[in-house]
Amino acid sequence: MSAHLAHGLGTEPVEPDRLRLTDAEVTAVTGPARVVWRCPRPLSAAAVVERDGRRLFVKRHHATVRTREGLAEEHAFLRHLRERGAPVVEVLDLVERGWWTYEVHSAGTGTDLYRDALSWSPFLGTAHARAAGEALARLHLAAEGFAAPRRSVQPLVASFTVRTAGSR
């Protein structure tokens, strides 16, 4: 069994059923870096890495699911939010290698109490739920004035497009 386990359909960690983000991939994208955490979510290949005393967040996407153009739409929205003082990460790089697209972001600040939590688990208490609602309200205010065309059709983002194996 690998040292990196992922969330399964239950509550017990399981062997990942996807290719994990490797140390070699990270250093090919960021330069010399050390992985300090790997995301356990089942559909995510992501890690927090340290490079030159700075923490970065690296995420890998397959090119059939996320493209440079699709990610550019999200990155424009992040820039808009940052320009209005929202506490969102900064996009530092976007790298395409073969079938993979890698995003490199600054790491968020503070302590992420939910980084290893199952995606469908509830907040740890009403204070956390209230804080999340307040943060969402602030993001909505920062989003005001963002003028962009409708998102392009792409799987898992802004459409009901489903990719099939070609059989009927």
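See the structure shown above.
Here we look at the nonpolar core
Leu21, Val26, Val29, Val35, Ala45, Ala47, Val49, Leu56, Val58, Val95, Tyr102 and Val104 form the largest nonpolar core, which has 12 residues in total. For this core, the elements supplying multiple residues, two or more each, are helix H1 (23–30), strand E4 (45–51), strand E5 (54–62) and strand E7 (100–106). Considering each element in turn, this core owes the most residues, three residues, to E4. Each residue touching valine 95, except ones within four places of it in the same chain, is listed here: Val29, Trp100, Thr101 and Tyr102.

Some remarks on the sheet that holds strand E6 (residues 91–97)
Read across the sheet, five strands follow the order E3-E4-E5-E7-E6 without closing on themselves; strand pairing throughout is antiparallel. Edge positions in the open sheet fall to strand E3 (34–38) and E6, since each of these has one partner strand only. The mean angle between the axes of side-by-side strands here comes to 25 degrees, regardless of whether they run parallel or antiparallel. Two elements, E4 and E5, share seven bridges in a ladder whose sense is antiparallel. By the bridge assignment, valine 48 is partnered in E5 with phenylalanine 57. Each of E5, E6 and E7 is contacted by helix H2 (residues 68–83), which is oriented at about 175 degrees to E6, the strand it contacts most.

Quick notes on the pairing of E5
Each regular strand carries side chains that alternate between the two faces of the sheet. Linking E4 to E5, which pair antiparallel, is a turn of two residues; within it aspartate 52 sits at a positive phi near 55 degrees. The sheet contact formed by E5 and E7 spans seven bridges and is antiparallel. Within E7, the residue paired with lysine 59 across the bridge is glutamate 103.

What counts as what
Residues numbered from 1 in each chain as written. Predicted model: local features only at pLDDT ≥ 70, side-chain atom pairs only at ≥ 80, totals over all residues. Heavy atoms only, no water. Core = buried A, V, L, I, M, F, W, Y, C linked by side-chain atoms within 4.5 Å. Buried < 20%, exposed > 50% of the residue type's maximum accessible area, 1.4 Å probe, protein only. Helix = DSSP H or I, 4+ residues; strand = E, 2+ residues; numbered from the N terminus. Contact = heavy atoms within 4.5 Å. Pairing = 2+ DSSP bridges. Axes fitted to C-alpha atoms, helices over the stretch in contact; angles between N-to-C directions.

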